[in-house]
Structures are given as C-alpha cells and as structure tokens.
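Structural features, examined
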Amino acid sequence: MDETRTKSGTQVETTVLGADEIILNMGPQHPSTHGVLRVKLKLDGERVAGSECIIGYLHRGVEKIAEHRSYQQFAPYVDRMDYVAAVSNGLGYCEAVEKLLGAEAPPRARVVRTILTELQRIASHLVWLGTHALDIGALTPLFYCFREREEILKIYEKYCGARLTTHAFRIGGLQYETYDGFEAEVERFCNDFSQRIDEYETLLTENRIWLGRTKGVGVLSAADAIALGVSGPVLRASGVKWDIRKAAPYAAYDQYKFEIPTGPNGDTYDRYMVRMEEMRQSRLICLQAIENIPSGPIMARIGKVLKPPPGEVYHAIEAPKGELGYYIVSDGTTQPYRVRVRPPSFVNLQAFDQMARGSLVADVVAIIGTIDIVLGEVDR
Amino acid sequence: MFGITFNDIRPYIFPVIYALVIVAFLPLLVGYITLAERKIMAHMQARLGPMRVGPHGLLQPIADAVKLLLKEDITPKNADALMFWLAPLLSVTMGLVAYAALPFGPAFQIADLDVGLLFILAVSSLGIYGIVLGGWASNSHYSLLGALRSAAQLVSYETAAGLALVSGLLLGGSLSMKTLVETQDQMGVWFVFLAPFSFFIYMVASIAETNRAPFDLPEAESELVAGYMTEYSGFRWSLYFLAEYANMIVVSGIAVTLFLGGWMRPLAAVHMRVFGLPYDLLDLLPALIFLGLAAWCTKLALRLGQQIQKLVMFLVVGLFVVLAGVMAWSLTSPALMPGIHGGFWFVVKILLYLYGFLWFRFTFPRYRFDQLMKLGWQFLIPLALVNLVMIGIGLVLVQQSGWPLGITMIGANIVTLLMALWLVRHGDKVMTAPRTAEDDLPVAGAGQIR
Amino acid sequence: MMLDSIIFYFFATLAVVSAIMMVTRRNAVHSAVYLITALLATAGIFLQLQAEFLFVVQIILYVGGIMVLFVFVIMLVNLDVAVRQMKFNRQSWVAGLLALVLGALVFVVYRKGGGAFNLMAPPVTTLQPNAEQVGTVLFQKYFLPFEIASILLLVAMIGAVVMAKRKI
C-alpha cells in the first residue's frame, strides 16, 4: 500500500483499489475515552474499517506490588484498580483470600457486604449512565445521576470514612460495625431511587434521538460475546443469561430473590436497558437485605498474621462491569507469591473491534461508552 | 458640500440611530443570553450556575468579555492569513446585517424593505461562508471536513425553513416584515394558529440553522474531528460566538414576526378597561411584569451576603423600576406607546422562543450527522411541501370560493398532520444505524491496523 | 444626485477591482472569495436600480447557492496537485495581443456609442413592488418556459442523485 502524507500531516493510505483510507488517532487525552485510552481507527470514508486499542497509559504495576505486601497490606491497592466501583474490588479480593485461608466471613458480615456491594453497583452504573449520555449529547442526565450517587457516597463516608477508595472490607469480615441509622438511610435511598430511575428513563428510553443513536449500534452477537470472553452487562445484553451471583453465589446472594435482565440484540440500546434494570434489581436486593441483617460477630477468627497454606485459588465475583476474578498463588509466607487480577474491562475492551467494524465514526464514542471501561482496571 | 444637502441625508438619520442602538446593545444582549443559558441549564440540572461574579452571576458576561478581549491572539503558522482574518468577520457582519430588516416596533425598523423576509434569508445564507472559510483557514483536514459538514447541514435546513416561511407568506400576502405583522393585526389572529405546522417546521429548521443542539454535531464533534472553531481563540472566537447567538436572535425574530404576531400585544383585539382608566388592562402588563421582576430581585437582594453584591442587585432593581415607569408613562402618549410597547412585546416573544432553544439543548441528545441529514431531507422537506400545498389550496378556497378561514385552515392542517404521521412511521426504518452485509469491509487481521 | 453617484461608483469600483483580483490570484479559494465580492457588488447595483427582488435573488441564488457549491468543490479537490501544475505561460503573447485588440474595441465603442444605442432616459417614478411584478409576469406571460426550466432542473437533480449514490 502506498503511504503518503498530506500537508496537514495526516497519514493517508491508498489501498489496492485506490480508495483513501485514513488512520485516525483518538489520543490518550480525549474527553470521551473515559480515561487514558488510545484508539487507532482505520477509516474508509465515514466507516470504521478496523481499530486498535493501545492501553498501558495507566499501568502501575499493581500485581507486582502485591508480591511484596502482606495480604492485608495489599487490600487498599485493589480499590485503585476499578476506582469507580472500589467496594466490589475489595469484596473480590477479601473473598479470594478467605477462600485461600479456608475461612468464611460471619453471616452478619456477609449480609452487610452484600448491601454495600449492591449500592456500589448502583453507583457504578450511575456514573456509566451519566457519562454515556453525555458522550451522546444529553447534557442533563449526568447531573441527575451524580445527585443520586452523592447519597450513596454519603452512606459510605459515614460507614468507613471514604467515598471513593473505600477499603470497606477486611479479610475475614468487616472492620467497622454499621453505624446507627445505616438501615434507615439505605432504606430511604432505595425508596427514593425507583422514582429517580423513572426520571432517567423518561429522558432517554423512549426518546427518538436516543433510540436512533443507540439501536443497532455496536452489535455483538451472543456467539461472539462468548468467544471473546466478554462478561457482565455486555454479555447479558447479547442474550446470554450468565451472572456469577446466580451461577456461583458468593457473599449472601443465595438468600435473595432477584432477576437477571438480558437483552435480545446485543446493541447499545440493550446494554442501556440491561444496566437500568440491573440498578432496579440491586435496589430490590438492598431492600430485602436490610429487612433481615443477622446479628453476631463481624470478623472471623483468623488471627492477625495471615499465612495461608501453599496453594492457589481463583475466585470471581460479578462486579458492575463484569466478571472480576482474582487468581492468588500462595507459597506459605505472609506475602502472596502471585496475584493475578482478571479485570472485566480489559477483557470486554477486546470486543471493541468487533463492535466498531462497519459503524460510523460518530458511533465510536457511543461504543466505547457502552462497554463501560475504567482504565485503572484495564491497565492496573 | 459635494452637492449633498441635508434633505439627501434626512432619510438616513433615524435608521443610522437605530442601527447604532442595535449594534451597541446586541453584544450586551448576547452576553446576557449566554448567562441565561448557563443559569437555566444549571437549574434544569439541579445546580445553581454562576453565582459569584456579581450577584447570581449577573456580571459574568462582562467578566467573560473582558477575559476574551485580553487573551493572546494566536494564528496558526500555516493558516491562510486573509481567510483566517476574514471568516469570523464575515459571520459576525452577516449576523448583524440581518437586523436591518427586523421590525422591533411599528416605527422601530431600520429599513422596511419590500422584500424584507428574503433579505434576511439572503444574509443568513451569506453567513455560511464564515463557517466554510473558517474551517478552510484552519489548515486541518478534519477542521475543513467539519466545516463543510456544518455548511451542508445549514444549506439543507435552509430549504425546509424557506418552504415553511413561504406558507406563512401566503397567509400574510407580502414579503415586507412590517406588512406581515400588520396583516396579523388586521386579521386579529396570529399565523401560528392558522398554520401551526409551518411554525413547527420552521422551529426545527431554525434550530438546525444555528447549529444548536440537538443538531450540533459539527460543533460538538470537535471531540472526534476538529470543528471549524478550534483554531480560533480569544477575540476571534468571541466573534464566532457572537455571530451564533446573533443568528439565534435573528431566527427567533423571523419566527416571531411571521408566526407569533411580531410587536403585537397578546390578545391585541381584546380591549378590557378597568377602574375607569382609559387604558387597556393588558396594556398595563409590561409595567406589571417589570415591577414583578423588581420585587423578585429585591427578595434575592435581601438574601445576599456581601454588601457589594447587594449594591449591584439593588441597582438592577432600580433599572427594572425605571423600565416599569417608562412602560407606564408611555401609556399616556399615543405617539410613543406603540413603539415602546411594541418593542417590549417583540423582545419578550423572542426571549420565549429562545427559551425553547435552550430547553431543547439540555433535554435532547445529539443527532448523528447522517440522521440529521435524513431528518432534513426525508422528513422536513416533504412535510413542508405538503404543508405549503395544503395552505395554498386552503387560501384559494377562502379567497375565491368564499369558504370560512378557520374551517379551511383546520382542514389543511389535518391533512398535513396525516402526512406527518405517515412520514414518522416510514422514517423509523431509516433512522436506525444500518449494518448490512455489504457494509462489512474485509480487513486482514482482526484488531490489527497492519 | 451626488449621493447616488457616490454609491454607484463605490459598487462599480468594488465590482471591477474584485473581478481583477479574482483572475489574478493563485489561490483558488481567494479567487472564489473575490468572485463573491464581485457578485455582491453587482447585487448592490441592482438595488440601486430599484430592482430589489433581483438584488435579493442574486444573493440567495448566486452567492448563497452557486458560490457555495464552487467553494465546496474547490475545497474538496486536492489542491496540492493543482498548485504544482504548469501554467499556460507560452501563450502570453497571444493573450496580450488579444487584450490590446479588445481594449481598442472598447475604446471605439465608448467614443461612438453614446448615440448608437438610443437608450431611454431612466424612469423618474419608482418601480412597483418587484416581487409581485416578477411573479405576475413569470406565472402569466412566461409560464411555459418556467415549467420547462423546472423540469430541466428536476431532471438534473435526479441525475445527480443517481450518479452520486452507491446504491439507490
């Protein structure tokens, strides 16, 4: 292929047929890539003919750091991976280490963990909704979503002192007892929230422009989704009813009744509907959990110095973005031999090329948004 | 001297004065419209907006203007200097020239051209060059494409807007802006009630004409493709900004003149005298509105903390009281009253129309460019054509067969409504993203560019 | 009247200068902008002749429609190639000779032309509202040519759409 440079410095390739193909770089600094993601698009006129995601701009060597920290010392680090949904990261890690130790958190701790994790799911989906709508041009849902998220963050702040990187859970259970009024506040939030979701739906779901921008955009078939290893709402929107909370229940999920929403087509609109419905289901789980928090200890008896027996464990949870897995190898010392994190955003991002082929350039931003990635998780 | 006598110049004196008034106040008005946009956007988004610069942000536009004037003027090195200088100038000039034909009041019009409406359309079509040359002068492949795309959008929606206006013209019978308002006065009914579809089509087309949401992809696409305004900073950018808002006001002015009764008071045919005063009750409205605004500002002022902000707010209250006084005093002099009250109602209607613009911006997501063009060509233009034909038929029946105006217009609009419903249902198939087999392009190596 | 003359000479000078600038620029976009200026000056002269409908239509159609297409095409064509193309400088002698002949012709016409055309004095009364007159004439006397022109334009539009779309 010939490659020439036009006066403005753009790379222009002419294919065998003589058509112009241009490589467009959506650089690491970009308002719509949700972090430091670099996307190289090969364009044929208006259509995307191929793409490449270049990641690593936020790589911090978290997995290597884990080899030099004790198990409890590493726990705050996992919050910084998916910094939008820190509580889920903590849940996955603590449960993985508990599995390694052969211990189990007491029932009260498990229920409180479930409540906080489901609230975190709502908060993560709210961030997703606000930013996704903003990319597509709707300016207002962002502020409404953050208004609700503020309530959740206030609950976290009262519980563990932090809003974003919470380090809410400890290996073996919880550090802090729930504060007075915890149940009442969660219940009040859940009662207000259903009305709020309806508000967002009024703005977007039936809107002709929203439908035009999201229906048929970024279609991922079920077979492709399974082949690419995609998980989470992206997988469920393609029609595959797979949720780790039902398939391999952890924490206290087997005690509650909730639905797994799926979508028929696997396009952006279905992913939107699936996440909206997931927020509603999370709210139901919270309401069920608050009614009956068992009393008892919040921390298992595992001792202060953790030396798990040599072995390996893989534990996955259903984080808001998909299957978050921790593969921990222990060599019998106080520091893990290897911690490998399977981030959902990293694997889901690999489906981007499949989704973006054949779509228009203006849809690329919508497709990046609909996968719901957090670069801290993709790069670690 | 030079053989020019005073009588030669006399017809030009008042227009020049009006022109100076408009050019002097327009940037101020545009600035406060941007402030209104930010405050309204904020309140619709559950927050407050500018509050610090001046009480409730009232001095924000002035601060912004000063900042933009003092900013460094950057010209890209390889940019075409002549075009770079010319493009914002062209946009602003055309935006301002259009005000020459807008009727702010029965006597407050710079030039009552016989072809006033066409003149404004002509000037708007000249404004396209500001965008195209601006994109060209930025010396960037993508900036140029963004500009051309924006120009294509403007040209497409100009057609729809023109057709919608023509159907209003049929009702008015003349191209002169002043005659259109006077016809509405004589008929006693605003044209929006006779031809609501024309108003609707014109409203949508005018939003697209001014590149406002939901049709602002060429502007907002500056995330992905550099829009035409990217290389402009400081004062040049503020010229483009001024041009955009000036354009919005002109377009609102056309809609108000043609469809919303221009400078006429609402319910102008209704005369209610109360308390034995020789004034219409509704004519007291302007003064009452200003007094209401003054009272509300006083309430806000009393809640403010800082002394200086309180002072500025009380000045604003004083301004409103003075305006209320002017409105009330002008009731007594029949020579001035139509002019001053006409100007008031014209501006109020423009502000209401602009509120619609702002409201749509914060509520709707953006159209993608191909959807935008499809909407213009495959929905608005056919609808506008059908609307034009139906109104034409209706008027022929009224004028030559003597049918009553109201019934005929209702019938014409029902046919247009049916056409609109059919187009909407048919259009759903074309509005979703296409992904057919032939759209998939074979590229070697999934996920790899090379 | 003096003011009329000033305005006329202003527009006329603008038109001539723009035309000269248009043909002497190297940059095609500059040429297009000068053509726009020349057309606007012509429109100004129309306005001064009290033909306000022609004034507006000149701006809407010529400047706002046709010149926009010119500018689109100029901007989309790869101009780097055009700038490097050779200019037809070998024929400058012939061009100069022709220009002299044309200039002599214009001079002769100017000297003798005053009486040759029997031009009428311009009308003292103002013209009637233009749009109505043009419309009346167009739809009554010249209705058939108007319809033929419309059909020609429609055929051209359909032809353009057929040629431009990938699939219909």
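Residues numbered from 1 in each chain as written. Chains lettered and ligands numbered in written order. Predicted model: local features only at pLDDT ≥ 70, side-chain atom pairs only at ≥ 80, totals over all residues. Heavy atoms only, no water.

A few words now on the domain arrangement of chain B. All names here are of chain B. According to the domain assignment, chain B contains domain 1 (8-70), domain 2 (71-270 + 359-427) and domain 3 (281-358). Here the C-alpha centre of domain 3 lies 29 Å away from the C-alpha centre of domain 2. Taken residue by residue, the interface counts 31 residues in domain 2 and 16 residues in domain 3. Taken together, the two surfaces of domain 2 and domain 3 that pack against each other cover about 2,100 Å², and 73% of this comes from carbon and sulfur. Taken as a group, Phe 104, Arg 265 and Trp 359 account for 26% of the area that domain 2 buries against domain 3, more than any other trio of residues on that side. In this assembly, domain 2 and domain 3 are joined by 14 residue pairs in polar contact (both at pLDDT 80 or more). Broken down by secondary-structure element, the contributors of at least two residues to the side of domain 2 that touches domain 3 are helix 8 (196-209), helix 10 (235-259) and helix 13 (337-363). With eight residues, the single largest contributor to the side of domain 2 that touches domain 3 is helix 10. Looking at the side of domain 2 that touches domain 3, its residues break down into 21 nonpolar, seven polar and three charged. (Domains from an automatic or database assignment. Contact = heavy atoms within 4.5 Å. Buried area = accessible area lost by both parts, 1.4 Å probe. Polar contact = N/O pair within 3.5 Å; in protein donor to acceptor, adjacent residues only side chain to side chain. Helix = DSSP H or I, 4+ residues; strand = E, 2+ residues; numbered from the N terminus. Nonpolar A, V, L, I, M, F, W, Y, C, P; charged D, E, K, R; others polar.)

Residues and elements named next belong to chain A. Burial of strand 9 (residues 322-330) is extensive: eight of the nine residues sit out of reach of the surface. Of the pairings in the sheet, the one linking strand 9 to strand 10 (residues 338-342) comprises five bridges and is antiparallel in character. Its bridge partner lying in strand 10, Gly 325 is registered against Arg 342. (Buried < 20%, exposed > 50% of the residue type's maximum accessible area, 1.4 Å probe, protein only. Pairing = 2+ DSSP bridges.)

Glancing now at the pattern of salt bridges. A side chain of one charge can pair with a side chain of the opposite charge when the charged atoms of the two come close. All names here are of chain A. Counted by the stated rule, this structure contains 33 salt bridges over all chains. Between Arg 236 and Asp 243 there is a salt bridge, and its shortest N-O distance comes to 3.6 Å. Its relative accessible area of 0% is what places Arg 236 among the buried residues. Here the salt bridges share partners, and the residues they tie into one network are Glu 118, Arg 121, Arg 236, Asp 243, Arg 245, Glu 278 and Glu 318. (Salt bridge = Lys/Arg side-chain N within 4 Å of Asp/Glu carboxyl O.)

A few words on the side chain of Glu 318 of chain A. Residues and elements named next belong to chain A. Relative to the assigned elements, Glu 318 resides in strand 8 (residues 311-319). On the basis of relative accessibility, which here comes to 1%, the residue Glu 318 falls in the buried class. Engagement of the side chain of Glu 318 in a polar contact is seen with the side chain of Arg 236, the distance being 2.9 Å. Excluding residues within four positions of it along the chain, Glu 318 makes contact with Arg 121, Gly 232, Arg 236, Asp 243, Ile 244, Arg 245 and Tyr 250.

Residues and elements named next belong to chain A. Strand order in the open sheet formed by three strands is 8-9-10, with antiparallel pairing between adjacent strands. Two strands in the sheet have a free side with no partner beyond their single neighbour: strand 8 and strand 10. Averaged over neighbouring strand pairs, the angle between their axes works out to 15° when direction is ignored. Lying on the sheet, helix 3 (residues 86-101) is in contact with strand 8 and strand 9; it crosses strand 8 at an angle near 150°. (Axes fitted to C-alpha atoms, helices over the stretch in contact; angles between N-to-C directions.)

A cluster of acidic side chains, namely Asp 112, Asp 114, Glu 182 and Asp 185 of chain B together with Glu 132 of chain C, defines a negative patch on the protein surface. Within the fold, Glu 132 of chain C resides in helix 6 (residues 130-140). (Patch = residues over 30% accessible without salt bridge, like charges linked within 9 Å, V, L, I, M, F, W, Y side chains within 5 Å. Areas by Shrake-Rupley, 256 points an atom, 1.4 Å probe, with all protein chains shown as cover. Lys, Arg positive; Asp, Glu negative; His and termini not counted. Charge placed at Lys NZ, Arg CZ, Asp CG, Glu CD.)

Here we come to the packing of helix 4 (residues 107-136) of chain A against helix 14 (residues 361-371) of chain A. All names here are of chain A. Put simply, helix 4 and helix 14 touch, their axes get as near as 9 Å, and they point 175° apart. When the interaxial angle is binned, helix 4 and helix 14 end up roughly antiparallel. Along the contact surface, helix 4 presents Trp 128, His 132, Asp 135 and Ile 136, while helix 14 presents Val 365, Ala 366, Gly 369 and Thr 370. (Parallel < 35°, antiparallel > 145°, perpendicular 65-115°, else oblique.)

On the chain B side, the residues contacting the 29 residues of chain C number 29 residues. When chain C packs against chain B, the two sides together hide about 2,400 Å² of surface, and 81% of this comes from carbon and sulfur. Summed over the three residues of chain C that lose the most area to chain B, namely Leu 3, Phe 72 and Met 75 of chain C, the buried surface amounts to 22% of that side. Our count for the chain C to chain B interface comes out at zero salt bridges. Across the contact surface, chain C and chain B share two residue pairs in polar contact (both at pLDDT 80 or more). Within the residue set of the side of chain C that touches chain B, elements represented by two or more residues are helix 1 (2-24), helix 2 (28-48) and helix 3 (52-76) of chain C. In terms of residue count, the dominant contributor to the side of chain C that touches chain B is helix 3 of chain C (14 residues). The residue inventory of the side of chain C that touches chain B, partitioned by class, reads 24 nonpolar, three polar and two charged.

On to the confidence of the model for chain B, then. Residue and element names in this part refer to chain B. Scored by pLDDT, chain B comes out at a mean of 83, with 91% of its residues at no less than 70. For chain B, per-element mean pLDDT is lowest for helix 9 (residues 217-220), which scores 73, and highest for helix 8, which scores 92. For the stretch residues 435-450, pLDDT sits under 50, and the model shows 33 contacts to residues farther than four places along the chain or on other chains. Reported for the predicted complex are a pTM of 0.86 and an ipTM of 0.82. (pLDDT = per-residue confidence, 0-100.)

So, on to the packing of aromatic side chains. If you walk through the whole model with that rule in mind, you get 37 aromatic pairs over all chains. Note on Tyr 355 of chain B and Trp 359 of chain B: the rings are 5.7 Å apart at their centroids and 50° apart in plane angle, and the pair reads as tilted. Of this pair, Tyr 355 of chain B and Trp 359 of chain B both sit in helix 13, four residues apart, which is roughly one turn of the helix. Classification of Tyr 355 of chain B as partly exposed rests on a relative accessible area of 35%. Looking at Trp 359 of chain B, the relative accessible area reads 46%, which means it is partly exposed. Three or more aromatic residues joined by ring pairs form one cluster here, namely Phe 14, Tyr 18, Phe 104, Phe 108 and Phe 346 of chain B. Note that Arg 275 of chain A overlies the ring of Trp 128 of chain A, its terminal NZ or CZ placed 4.6 Å from the centroid. (Phe/Tyr/Trp six-rings, centres within 6.5 Å; stacked < 30°, edge-to-face > 60°. Lys NZ or Arg CZ within 6 Å of the ring centre and 35° of its normal.)

In this section: the pairing of strand 4 (residues 38-44) of chain A. Note that strand 4 of chain A and strand 5 (residues 47-54) of chain A share seven bridges and pair antiparallel. Across the sheet, residue Leu 41 of chain A finds its bridge partner in strand 5 of chain A, namely Ser 51 of chain A.

Before going further, it helps to spend a moment on a nonpolar patch on the surface. Where nonpolar side chains cluster on the molecular surface, the patch consists of Phe 6, Ile 9, Tyr 12, Ile 13, Phe 14, Val 16, Ile 17, Leu 20, Val 21, Phe 25 and Leu 28 of chain B and spans about 1,100 Å² of accessible area. Phe 25 of chain B gets classed as exposed once you look at its relative accessible area, which sits at 52%.

With that settled, the discussion passes to helix 14 (residues 369-401) of chain B. All names here are of chain B. If you check helix 14, its first and last C-alpha atoms are 46 Å apart, about what 33 residues at 1.5 Å a residue would give, namely 48 Å. Remark: the principal bend of helix 14, roughly 30°, maps to Leu 380, with a proline, Pro 382, within the next four residues. Positive phi appears at Gly 402, one or two residues downstream of helix 14, with a value of about 75°. (Expected span 1.5 Å × (residues − 1). Bend = angle between axes of the 7 residues up to and from the residue.)

Take the environment of Ile 317 of chain A next. Residue and element names in this part refer to chain A. Looking at where Ile 317 falls in the secondary structure, it is placed in strand 8. Sequence separation between Ile 317 and Cys 53 is 264 residues; the distance between their C-alpha atoms is 26 Å. Not counting chain neighbours up to four residues away, the residues in contact with Ile 317 comprise Ser 88, Leu 91, Gly 92, Glu 95, Ile 244, Tyr 250, Gly 322, Glu 323 and Leu 324.

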